[in-house]
Amino acid sequence: MGCVLLTGAAGFIGSHLAEDLVRDGWSVRGVDAFTDTYAPRQKRDNVAAVARSPELHLITGDLARDDLHGLLEGVDAVVHLAGEPGVPASWGPGFATYVERNIIATQRLLEAAAAAGVDRFVYASSSSVYGPADRPLVESAVPRPLSPYGASKLAGEVLVGAYAQERGLSTVSLRYFSVYGPRQRPDMAAHRFIEALLDHRPVPVYGDGRQARDFTYVGDVVAATSAALVAPVPTGAVLNVAKGEPVEVRDLIAILAEELGVEPRIEHRPQRVGDTERTEGCADAARDVLRWEPVTDLRSGLRRQVEWHVGRRTGARSSRLEPSPRPASYAGPRATQSGVPSQPDAVGAQPVGAGSVGVVSIGDGDRLGMP
Ligand code: NAD
């Protein structure tokens, strides 16, 4: 149907979305700066398989610094996932990175998207914008972020709203809740717990383990994001993307230990500043607007994540998702029968436009090249 610019394409969520969009017949222009927030090697592995598709053109570039001129040429829609994630590192001087990658990058991309007149701009926001509010969290609650990270994501969301209101951009902000699944970032809870259990190390838990999170499977998050590209939405829509079933961290560990057949040893550490006690999102608005339903139960989703961790250790590095569940009304572009096309020798990378955004070369080893 058209061309999507996907930022953060090599990240945890972005790499899954890239596969999903290609599978659905979109032409995908992926951008990623391969930041060293965690190992760029993991990001290269994330996209290694899909980068072989001729429908993914992967570009390495920094949205906060590089010239974006030409990047949006021929682009119909944008999904903006690129950003600096994580609460703890956002305190102190580290905040400058959050300002650059979550606020400056978003404003520059919005400016380019408005100038190019794209049909839709989807922004990855976060449950971290909420702070204290009645549960379940609804989009109309006054956002009061408890961390500089949350504040930076909220600033991005506010900018998105301004470009919708004043510049006529058709936008959707999706507030993701605690996403988990294969390729999860190494700083996130399930990733850390699984690695500790596999190593027979004590499992590090911040606080008493009773804090609850609304864990939402990455395949469901990807399905909501794909739907947001084409669904009719009110101007500047903001939608929770949540499973709606909070689970205590200690129960999460118990499921993981069961799946791995080990007895967990918990090592309690002081609670971290800015960590919310409980997240629970109401996703009724997303259900209505996107005709979307989160369908993956926690145990099945965690099982897939465990398989990914085990697979990495045994050398089976590629973990492509099964097709994500579709909303009933999904009117996406041509669906391919065969999934992602595979051309082992093709490198899914091309220069785009005349800007200074570079080219990444994936599929022929680990070379990361700038022209
Ligand atoms: P991730 O770190 O795996 O992916 C983000 C990607 O963006 C990385 O690959 C990074 O290299 C890239 N990036 C960062 N700054 C960039 C820049 N200036 N230019 C180009 N690329 C840049 O994180 P993720 O968990 O996949 O999260 C994706 C998005 O979803 C983020 O915006 C995050 O704030 C948001 N989010 C994630 C969760 C979650 O649970 N994972 C929850 C709420 C919101």
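For the structure, see preceding data.
How each quantity is defined
- Residues numbered from 1 in each chain as written.
- Predicted model: local features only at pLDDT ≥ 70, side-chain atom pairs only at ≥ 80, totals over all residues.
- Near = placed C-beta within 6 Å.
- Helix = DSSP H or I, 4+ residues; strand = E, 2+ residues; numbered from the N terminus.
- Axes fitted to C-alpha atoms, helices over the stretch in contact; angles between N-to-C directions.
- Parallel < 35°, antiparallel > 145°, perpendicular 65-115°, else oblique.
- Left-handed = near helix turned anticlockwise from the far one by under 90°.
- Contact = placed C-beta atoms within 7 Å.
- Core = buried A, V, L, I, M, F, W, Y, C linked by C-beta atoms within 7 Å.
- Buried ≥ 20, exposed ≤ 12 C-beta atoms within 10 Å, placed from the backbone.
- Pairing = 2+ DSSP bridges.
- Right-handed = clockwise from strand over helix to strand, strands pointing away.

**Structural notes on the site of the ligand**
With respect to spatial proximity, 31 residues lie near the ligand, and among them Gly8, Gly11, Phe12, Gly83 and Val179 are the closest. For the shell around the ligand, the secondary structure elements donating two or more residues are helix H1 (12–23), strand S2 (27–32), helix H3 (95–116) and strand S5 (120–126). The greatest single-element share of the shell around the ligand, amounting to 3 residues, is contributed by H1.

**Some words on the packing of helix H5 (residues 189–198) against helix H9 (residues 298–314)**
Taken N-terminus to C-terminus, the directions of H5 and H9 make an angle of 55°; their axes are 10 Å apart at the nearest point. Classified by the interaxial angle, the pair formed by H5 and H9 is oblique. Here the hand of the crossing between H5 and H9 comes out right-handed. In this structure, H5 uses Ala190, Ile194, Glu195 and Leu198 to contact H9, whose residues at the interface are Leu302, Gln305, Val306 and His309.

**Brief notes about the nonpolar core**
Grouped together as the largest cluster of nonpolar side chains are 85 residues, with contacts concentrated most on Leu6, Ala18, Val78, Phe193, Ala224 and Val241. When neighbours within four sequence positions are excluded, Phe193 is seen to be in contact with Val203, Leu252, Ile253 and Leu256. In terms of nonpolar packing, the next biggest core, distinct from the first, is built from 5 residues, Val129, Tyr130, Ala151 and Leu154 among them.

**Remarks on unusual backbone geometry**
The step from Arg135 to Pro136 runs through a cis peptide bond, and the omega angle for that step is -5°. With respect to the secondary-structure elements, Pro136 resides in the loop between S5 and helix H4 (148–167). The phi angle at Ser178 is positive, at roughly 25°, despite the residue not being glycine. Along the chain, Ser178 falls in the loop between strand S6 (171–176) and strand S7 (179–180).

**Thoughts on the pairing of S5**
The buried count for S5 comes to 7 of 7 residues, which makes it a mostly enclosed element. Across the two faces of S5 the burial is the same, with Arg120, Val122, Ala124 and Ser126 and Phe121, Tyr123 and Ser125 all buried. Note: S5 against S6, 6 bridges, orientation parallel. Looking at S6, one finds that Ser125 is bridged to Arg175. For the segment spanning S5, H4 and S6, crossover handedness is right-handed.

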